[in-house]
Structures are given as C-alpha cells and as structure tokens.
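In case you want the letters, here they are:
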Amino acid sequence: SITQEPMLLSGSIQDNITYGLKDYDKQYFEEVCKMSNLDFVNDKRSFPHGMKTLVGERGNKLSGGQKQRIAIARALMRDIKILILDEATSALDSKNEKELQDAIEKITKLKKITTIIIAHRLSTVKNADVIMFVNKGQIIEKGKHDELLEKNGEYLKLVRNQLIKTNLDI
C-alpha cells in the first residue's frame, strides 16, 4: 500500500527501494527506478551520491513527490499481486503524475498486478478499468469513465466541478 505520506527509512534511496530484499535483479531495479521517475537522483548538487544518498530520518531530506516515487519503486520491486495506491500521486505535479501513472500501468500489466487506486483527482482515475464512486461509504456509481459520464449522476457532477477548477476537458 502506498499512501499520501509514505514511510521511508533513514538509509539511502537504494536501501529504501530494496528494503527487505535479499537478492534482486539489478537490471530490473534500474528499470523500476526509471519507470518511477527517479531521475531527480541524477542531480549531483542535491544527491551527490546518487542512489547511495541518505534520505534523512523518515525521508525528511526529500520532497513529498520524491518520497512517493521512492515508495512506488519499492512496491514495484516486489512480487506482489495487489497494489493499493491511496492518494499516492497527490504530491506530484501533473507532468510527473502522468509519467508515473503510465509507468505503473505498464508494469502492473506486465506483472499482472491488480491495482486499487483511491483518489480524488480525475486525472488519476480517468483511465481505470472500473471506477467506483463512493459517497458516505457506499458505492453509488460504478463503471468506466465514459459510462459514468453518460449516467449524468454524481460522478459527472464531480468531473464538472474539477474541470471548472482546472480548465480541462472531459
């Protein structure tokens, strides 16, 4: 499970991604890091030791978005069947969110991982196979994005509200 505020250990970036793994495929590690948009690690001023740079206690030397990307890389390194993302991209800007969503979609399809996404952002759920609109603990609408728009219900109201705030298209 990856939450809005992921927990990191006080070791290096690499230690946080590979935590608990005795042996792992180095090539797969590189691939996961690339897909998780960990390119910020290449900034030698902020990360002089690259993947070996220490993150500080609970990752306090990192931004929220950097912590989320490391947590996602850590999850993707494991042989998991279900991945739960609870507002896991909330600290990312729209460009990084889109790139990370594409990477998560690619790797979860490749490894046949069921992904449950809990989110308020339309951009995070728009391409999901099934969207469940929950209100007060009850599923009130269920379907694909286009199907829910056609229902002209609560989901459409939420979409319109977000579009007004962000000037996006449905």
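Not measured: the values here are computed from a predicted model. Going along each chain's sequence as written, the residues are numbered from 1 onward. Totals for whole chains, interfaces and linings use every residue, but because this is a predicted model, local features are given only for residues with pLDDT of at least 70 and side-chain atom pairs only at 80 or more, for both listing and counting. Side-chain descriptors were evaluated using all non-hydrogen atoms of the structure, hydrogens and water having been removed beforehand.

## Structural notes on a nonpolar patch on the surface
A cluster of nonpolar residues, I82, I84, I116 and I118, forms a patch on the protein surface that exposes about 330 Å² of accessible area. Each helix is a run of H or I in the DSSP string that is no shorter than four residues. Each strand is a run of E no shorter than two, and both are numbered from the N terminus. Residue placement: I84 occurs in strand β1 (residues 82-86). A 1.4 Å probe rolled over the protein chains alone gives each residue an accessible area, and that area as a share of the maximum for its type sets the label: buried under 20%, exposed over 50%, partly exposed in between. What makes I84 partly exposed here is its relative accessible area of 31%. Residues qualify for a patch when their relative accessible area is over 30% and they have no salt bridge, like charges being joined within 9 Å and the nonpolar side chains of Val, Leu, Ile, Met, Phe, Trp and Tyr within 5 Å. Here the open area of atoms and residues is found with the Shrake-Rupley method and a 1.4 Å probe, where only the protein chains shown may cover a residue. Here, a salt bridge means any side-chain nitrogen of Lys or Arg that lies within 4 Å of a carboxyl oxygen of Asp or Glu.

## Structural notes on the confidence of the model for the chain
A low pLDDT means the predicted coordinates there should not be read in detail. Every residue gets a pLDDT, meaning the predictor's confidence in that residue, from 0 to 100. Summarising the model, the chain shows a mean pLDDT of 86, and 95% of its residues fall at 70 or more. Least confident of the elements in the chain is helix α4 (residues 94-110), whose mean pLDDT is 77; most confident is helix α1 (residues 13-18), at 97.

## Notes on the packing of helix α2 (residues 26-35) against α4
The interhelical angle for the contact between α2 and α4, taken along N-to-C directions, is 140°, at an axis separation of 9 Å. Here α2 is positioned oblique relative to α4, judged by the angle of their axes. Contacts between α2 and α4 involve Y28, V32 and M35 from the first element and E99, L100, A103, K106 and I107 from the second. In this analysis, axes come from line fits to C-alpha atoms, helices being fitted only over the stretch in contact, and the angle between any two N-to-C directions falls in the range 0 to 180 degrees. Roughly parallel covers angles under 35 degrees, roughly antiparallel covers those over 145, roughly perpendicular covers 65 to 115, and oblique covers all other angles. Any pair of residues with heavy atoms lying within 4.5 Å of one another is described as a contacting pair.

## What to know about the packing of aromatic side chains
What counts as a ring pair is set by centres within 6.5 Å for rings of Phe, Tyr and Trp (its six-membered ring), and what kind of pair is set by the plane angle: stacked under 30 degrees, edge-to-face over 60, tilted for all other angles. Applying the stated criterion across every chain yields a total of 3 aromatic pairs. Taken together, a centroid distance of 5.6 Å and an interplanar angle of 45° make the contact between Y24 and F29 tilted. With respect to burial, Y24 and F29 carry one shared label: buried. Relative to Y155, the ring of F133 has its centre 6.3 Å away and its plane inclined at 90°; by these criteria the two rings are edge-to-face. Taken together, the residues F133 in strand β3 (residues 131-135) and Y155 in helix α7 (residues 154-166) connect sequence positions 22 residues apart. Owing to a relative accessible area of 15%, F133 belongs among the buried residues under this scheme. Given a relative accessible area of 2%, Y155 falls into the buried group. Criterion for a charge above a ring: Arg CZ or Lys NZ at most 6 Å from the ring centre, at most 35 degrees from the ring normal. Positioned above the aromatic ring of Y24, the side-chain terminus of K26 is 4.2 Å from the ring centre.

## Notes on the side chain of R74
Secondary-structure assignment places R74 in helix α3 (residues 64-76). Contacts of R74, omitting those with residues within four sequence positions, involve M7, L8, N16 and I17.

## Some details on the packing of α3 against α4
Close contact between α3 and α4 brings their axes to 12 Å; oriented N to C, the two are set at 5°. In this view, α3 runs roughly parallel relative to α4, as classed from their interaxial angle. Residues R69, I72 and L76 of α3 pack against N96, L100, I104 and I107 of α4. Across the contact of α3 with α4, the residue classes tally to 5 nonpolar, 1 polar and 1 charged. Just so you know the grouping, Ala, Val, Leu, Ile, Met, Phe, Trp, Tyr, Cys and Pro go in nonpolar, Asp, Glu, Lys and Arg go in charged, and all remaining residues, Gly too, go in polar.

## A few points about the pattern of salt bridges
Applying the stated criterion across every chain, the model contains 4 salt bridges. Residues K81 and D79 are paired through a salt bridge, measuring 3.9 Å at the closest nitrogen-oxygen approach. Taken as a pair, K81 and D79 share a single burial class, namely exposed. A salt bridge links E105 to K109; the shortest N-O distance between them is 3.5 Å. Residue E105 and its partner K109 are located together in helix α4, separated by 4 residues, close to a single helical turn. In this structure E105 comes out as partly exposed when scored by relative accessible area, which is 35%.

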